[in-house]
There are 2 protein chains.
Amino acid sequence: MTVNPLILPDLREMLSERDDAGLAQIANDLHPAMLAEITEGLEVEETWQLLDHADLHRQAEVFSYLPLERQVELVSGIGRERMSKLIEAMPHDSRAELVRRLSPEIVEELLPLVAKADREDIKKLLTYPEHSAGAVMTTDYATLPANMTVADAIAEVRHQAPNRETIYYLYVLDSDRKLIGSVSLRNLIVAKPASLVSDIMDHEVISVPIDADQDEAARQLAKYDFLAIPVVDHEGRLVGIVTHDDVMDVVVEEATEEAQRMASVVPFGEDYMALPIITVWRKRSVWLACLFIAELFTFSALAHFEDEFGKIIALSLFVPLCISTGGNSGSQAATLITRAMALGQIGPHDWLRVMRHELIMGVILGLTLGAIGFLRAAATPASVLAGADRWMLALVIAQAVAIICLWGTLVGSLLPMIFRRLGFDPGYASSPFVATFVDVTGIVIYFTIAKIYLL
Amino acid sequence: MTVNPLILPDLREMLSERDDAGLAQIANDLHPAMLAEITEGLEVEETWQLLDHADLHRQAEVFSYLPLERQVELVSGIGRERMSKLIEAMPHDSRAELVRRLSPEIVEELLPLVAKADREDIKKLLTYPEHSAGAVMTTDYATLPANMTVADAIAEVRHQAPNRETIYYLYVLDSDRKLIGSVSLRNLIVAKPASLVSDIMDHEVISVPIDADQDEAARQLAKYDFLAIPVVDHEGRLVGIVTHDDVMDVVVEEATEEAQRMASVVPFGEDYMALPIITVWRKRSVWLACLFIAELFTFSALAHFEDEFGKIIALSLFVPLCISTGGNSGSQAATLITRAMALGQIGPHDWLRVMRHELIMGVILGLTLGAIGFLRAAATPASVLAGADRWMLALVIAQAVAIICLWGTLVGSLLPMIFRRLGFDPGYASSPFVATFVDVTGIVIYFTIAKIYLL
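Residues numbered from 1 in each chain as written. Chains lettered and ligands numbered in written order. Predicted model: local features only at pLDDT ≥ 70, side-chain atom pairs only at ≥ 80, totals over all residues.

Which residues make up the overall build of chain A, and what are the values?
Scanning chain A for helices and strands turns up 24 helices and 6 strands. The C-alpha radius of gyration computed for chain A amounts to 30 Å, which surpasses the reference 23 Å derived for 455 residues by more than 25%, pointing to a less compact arrangement than a globule. With respect to the three principal axes, the spread of C-alpha positions in chain A is 90 × 60 × 40 Å. Sorting the 455 residues of chain A into buried and exposed places 48% on the buried side. Put simply, of all contacts in chain A between residues at least 6 apart along the chain, 72% involve residues at least 24 apart. (Helix = DSSP H or I, 4+ residues; strand = E, 2+ residues; numbered from the N terminus. Rg over C-alpha atoms; globule rule 2.2 N^0.38 Å. Buried ≥ 20, exposed ≤ 12 C-beta atoms within 10 Å, placed from the backbone. Contact = placed C-beta atoms within 7 Å.)

Written out as structure tokens, the structure is:
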């Protein structure tokens, strides 16, 4: 359901005709996410002309659905006074993200104008490192005292609702702000009005520490099907919550980074088509150049076998085939293992089990490809053979393909596990890295086998 | 927070000692997701010994957190009568998934024992094709009549709560079951008790059609930060809802499939280490064999240039370097474009913009790699050169690398867009596919350039 192309022409007409009634209707009736999407087709001034028909609270809501770059663009043009009011009204996590992106000069002018409590909240969120639970959490969570009755608690929730990111989970703190329980609004609604919150709350609250990686928060939330997961400091005090919508963003972001690592790119945070050419060049060329330099060793490996090369020209014609076999089987194994590790299907102690599995797979995949290679090599035209034994050549190709396939599979499955053990992201032991390594070693395997049989 | 390794030994002791009090505590106090995780370390009989200490409702909850294969394993051993009670208590979407996996004989014996309403619900959900919104939705959503007061509506929600997947969104239907509005529990709680549901509900409900792809439901839910999104039939009647936790599963599943396609594997639905070797072999060997057969053309391309090959041996030593350049730059571009399409950053009409961007990137990346190639080729040892001109060779390598890099980048960025236009999943135009295509064409480019300068 994309309304964008339908509404935009009408909207432009309303804007040029200053049709206040129509603009007010659009600015107030549409879902803020949809409104945010529509404004992406408008100029900065047009966007403000439209948003000015909504109140501050709604403007702040629309803002939190806009891409960060767009938020910065929109906010940079307006007065600092107005910007400070908007920021006070935004969700706590979204506004911290926005302030993180504004230039230091703007922030310096802006923060003194923001109400003290909000200012301190922003400053605090900015201290947490990027990609930590602290950096993605929001501080506008709802709390309840343990000794309140359910009836009073519902009244309290009603009171807190307008300023809370979610009221579907309510957290119970002791006098030291330590997290001692949680209750869902669902359980609150169905409980007897006279019961105490302490009677119906869950005492075992699953939480993540503030310095945990955002992935960890995402994994826990997904595992328990939570709407939000609490974040606690080292003393167990509640400091924030990470909500399901932020986790969804984290999951999508991680998948993108994983794909980009597999494609040998230094991960881009955002829309790469919108970035400056020089940035994209830098991020893409770093890995391509590293791979290229590593691949230079294929030259050295081949030069080492130069004599063999000269003797039977047919041998050299099969080089790309043999090494690509290693690259393909290696990157296949690497991707499967990396993904299984990301999903938690393979733990750090499973390497023996993985090796056994991949050894069997490598052997049967190698036999499959070796058989095809045998048939093709046996059909080598006599002109290319130049006197070499057809069946011997076929045997060499079949064996080389089979062994290189097995080798690629083993390297591809071991490397991600070794990388993790060494503390690197296993995603870096990905397709192109494995493929390049197997290319070079594959040449050595190939010519060694050829030497045994043919030379 | 993983309790598993800590609890398991204690649990085994309790099971062997038949410590009913301890088992009852574990079975009733832990979060069902955690309980589900723990039982994965137990035998089938042990699991039932533990679960028997919880009531049917809780058993059903634990079940919905277990992997499907495990559910099938657990359920196959128990009597049909008992299985039918468990299935009646399970969430509607989880049980439909489970029944989908049971063998037809079990289903045939089982379904007549299930209560009629539940049986019909299961049968209906099974009719929707896999990966459609209909197949992932649940039918236990909560509804409200439009003309009810808020106070009565809250009482009604309290009444419906025990049998609903979520009560945080309430859907308003007309007499024809058409979806005419929705209200969040949050808004219901803060509204004046005497207002009518029709006064506070959202009239513009964002929904997805029943035959939409599950991705579409996931995208819409993520875009609007919803907890659930309603699914409607072709007459606009509400038939189910897709909830945030199912969407999370869909997003993770899609990311896995995308990674697997990039690694040239026919996607596995589940934990691939747990599948039979023969299945894994089939899924892995299909693509590897296809790529291998395609890669056979490198032999033909090289054989075509056999004469050139024989003349200057140094030329052939650079073949793997040149073609891997094309493969790496091609798969990099393909991944970036595929991912940007998946995130909606590139639409079907953007191909001209993409081409322009990738043309520039291809040129500057090519120049970067070409410069490195020039330096390396200029340092070729005299023994390998065998009389060929060192600087001419360096010029050939630099030009070949630059042009193949540009070619790889263009092919890698165009193929996913062409695939989408032809109605295929752009993910298939992925790294290995592009790399193999560029390998073969790269050989032709390389020797054509070599012929111009050296021969």
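An account of the environment of Ala450 of chain B is needed here, citing residue identities and associated values.
Residues and elements named next belong to chain B. Here Ala450 shows up in helix 24 (residues 431-454). Judged by the 24 C-beta atoms lying within 10 Å of it, Ala450 falls in the buried class. Taking the C-alpha atoms as reference, Ala450 lies 72 Å from Leu185; in sequence the two are 265 residues apart.

Account for the interface of chain A and chain B, naming residues and giving values.
The interface of chain A with chain B comprises 92 residues on the first partner and 91 residues on the second. If one sorts the elements of the side of chain A that touches chain B by residue count, helix 17 (residues 277-304) of chain A sits on top with 16 residues. Of the residues that constitute the side of chain A that touches chain B, the class distribution is 55 nonpolar, 22 polar and 15 charged. (Nonpolar A, V, L, I, M, F, W, Y, C, P; charged D, E, K, R; others polar.)

Quick rundown of the packing of helix 6 (residues 68-76) of chain B against helix 8 (residues 92-101) of chain B? Include the residues and the values.
All names here are of chain B. Running from N to C, helix 6 and helix 8 point in directions that differ by 70 degrees, and their axes come no closer than 10 Å. With respect to each other, helix 6 and helix 8 are oriented roughly perpendicular. Here helix 6 contributes Leu68, Gln71 and Val72 to the contact with helix 8, which in turn contributes Glu97, Leu98 and Arg101. (Axes fitted to C-alpha atoms, helices over the stretch in contact; angles between N-to-C directions. Parallel < 35°, antiparallel > 145°, perpendicular 65-115°, else oblique.)

Requested: an account of the sheet that holds strand 6 (residues 238-243) of chain A, with residues and values cited.
Residue and element names in this part refer to chain A. Strand order across the open sheet formed by 3 strands is 4-5-6, with mixed pairing between neighbours. If you trace the sheet from one side to the other, it starts and ends with strand 4 (208-209) and strand 6, each paired once. Pairing of strand 4 with strand 5 (residues 228-232) involves 2 bridges; the strand directions are parallel. Opposite Pro209, over in strand 5, you have Val232 as the bridge partner. (Pairing = 2+ DSSP bridges.)

Just give me the short version of the domain arrangement of chain A, but keep the residues and values in it.
Residues and elements named next belong to chain A. Under the domain assignment used here, chain A contains domain 1 (4-136), domain 2 (143-251) and domain 3 (272-454). One C-alpha centre belongs to domain 1, the other to domain 2, and the line joining them spans 28 Å. With 8 residues of domain 1 at the interface, the matching set in domain 2 holds 13 residues. The element that contributes the greatest number of residues to the side of domain 1 that touches domain 2 is helix 11 (residues 133-136), accounting for 3 residues. (Domains from an automatic or database assignment.)

Outline the relation of the copies chain A and chain B, listing residues and values.
Of the transformation placing chain A onto chain B, the axial shift is 0.1 Å and the rotation is 180 degrees, giving an RMSD of 0.3 Å. What we have between these two chains is a two-fold relation. A high fraction, 99%, of the interface residues of chain A reappear at the interface in chain B, so the copies pair face to face through one surface. (Least-squares fit on C-alpha atoms with pLDDT ≥ 70 in both.)

Explain helix 12 (residues 150-160) of chain B to me, using residue names and the numbers behind them.
Think of an α-helix as turning once every 3.6 residues; residues three or four places apart then point the same way. Regarding helix 12 of chain B, the residues found buried are Val150, Ala153 and Val157 of chain B. Each buried residue of helix 12 of chain B lies within a common arc of 50 degrees when the element is viewed along its axis, so the set occupies one face. Buried residues belonging to helix 12 of chain B abut helix 13 (185-190) of chain A together with strand 1 (142-144), strand 2 (169-173), helix 13 (185-190) and helix 14 (197-200) of chain B. (Arc of directions from axis to C-beta.)

If you had to explain the pairing of strand 5 (residues 228-232) of chain B to someone new, which residues and values would you point to?
All names here are of chain B. A large share of strand 5 lies buried, amounting to 5 of its 5 residues. The alternating pattern of strand 5 places Ala228, Pro230 and Val232 on one face and Ile229 and Val231 on the opposite face, and all of these are buried. Inspection of the sheet shows strand 5 paired to strand 6 (residues 238-243) by 5 bridges, in the antiparallel sense. Across the sheet, Val231 pairs through a bridge with Gly240, a residue of strand 6.

Can you tell me about the sheet that holds strand 3 (residues 179-184) of chain B, naming the residues and giving the values?
Residue and element names in this part refer to chain B. Spatially, the 3 strands line up as an open sheet ordered 1-2-3, and their pairing is mixed. The sheet terminates laterally at strand 1 and strand 3, the two strands that pair on one side only. Strand-to-strand twist across the sheet, computed as the mean angle between neighbouring axes with direction ignored, equals 35 degrees. Alignment of strand 2 against strand 3, held across 5 bridges, turns out to be antiparallel. Each bridged residue has a counterpart across the sheet, and for Leu170 the counterpart in strand 3 is Val183.

Give me the lowdown on the pairing of strand 6 of chain B, citing residues and values where you can.
Burial analysis of strand 6 of chain B places 6 of its 6 residues in the buried class, the great majority of the element. With antiparallel pairing between neighbouring strands as the criterion, strand 5 of chain B and strand 6 of chain B make up a hairpin whose turn holds 5 residues, including Gly236 of chain B at a positive phi of roughly 80 degrees.

Provide a residue-level description of unusual backbone geometry, including the pertinent values.
Most peptide bonds are trans, and most residues other than glycine sit at a negative phi. With phi around 55 degrees, Asp225 of chain A is a residue other than glycine that occupies positive phi space. One can find Asp225 of chain A in the loop between helix 15 (214-223) and strand 5. Located in the positive-phi region is Arg177 of chain B, a residue other than glycine, with phi close to 65 degrees. Along the chain, Arg177 of chain B falls in the loop between strand 2 and strand 3. A residue is classified by how many C-beta atoms lie within 10 Å of it, and Arg177 of chain B, with 16 of them, is partly exposed.

Can you tell me about the nonpolar core, naming the residues and giving the values?
Of all hydrophobic cores here, the largest spans 122 residues; its most connected members are Ala400 and Tyr446 of chain A together with Ala400 and Tyr446 of chain B. Not counting residues up to four positions away in its chain, the partners in contact with Tyr446 of chain B are Val319, Cys322, Ala400 and Ile404 of chain B. (Core = buried A, V, L, I, M, F, W, Y, C linked by C-beta atoms within 7 Å.)

Which residues make up helix 5 (residues 56-65) of chain B, and what values do they have?
Extensive coverage of helix 5 of chain B is indicated by the burial of 7 of its 10 residues. What helix 5 of chain B keeps buried is the set Gln59, Ala60, Glu61, Val62, Phe63, Ser64 and Tyr65 of chain B.

Residue-level account of the environment of Thr325 of chain B, with values.
When you line up the elements, Thr325 of chain B lands in helix 20 (residues 319-342). Taking the C-beta count within 10 Å as the criterion, Thr325 of chain B has 31 such neighbours and is therefore assigned buried. Thr325 of chain B sits 76 residues away from Val401 of chain B along the chain, and the two C-alpha atoms are 6.8 Å apart. When neighbours within four sequence positions are excluded, Thr325 of chain B is seen to be in contact with Phe292 of chain A together with Leu369, Val401, Ile404, Cys405 and Gly408 of chain B.

Give a detailed account of the confidence of the model for chain A, specifying residues and quantitative values.
Overall, the predicted model of chain A reaches an average pLDDT of 86, with 94% of residues at or above 70. Across the interface, the model reports ipTM at 0.71; the global pTM reads 0.72. (pLDDT = per-residue confidence, 0-100.)

Describe the packing of helix 3 (residues 32-39) of chain A against helix 5 (residues 56-65) of chain A, with residues and values.
Residue and element names in this part refer to chain A. Look at helix 3 against helix 5: their axes get within 8 Å of each other, and the N-to-C directions meet at 70 degrees. With respect to their mutual orientation, helix 3 and helix 5 come out roughly perpendicular. Taken as a pair, helix 3 and helix 5 cross one another with a handedness that is right-handed. Where helix 3 approaches helix 5, its residues Pro32, Ala33, Leu35 and Ala36 are matched on the opposing element by Arg58, Glu61, Val62 and Tyr65. Across the contact of helix 3 with helix 5, the residue classes tally to 6 nonpolar, no polar and 2 charged. (Left-handed = near helix turned anticlockwise from the far one by under 90°.)

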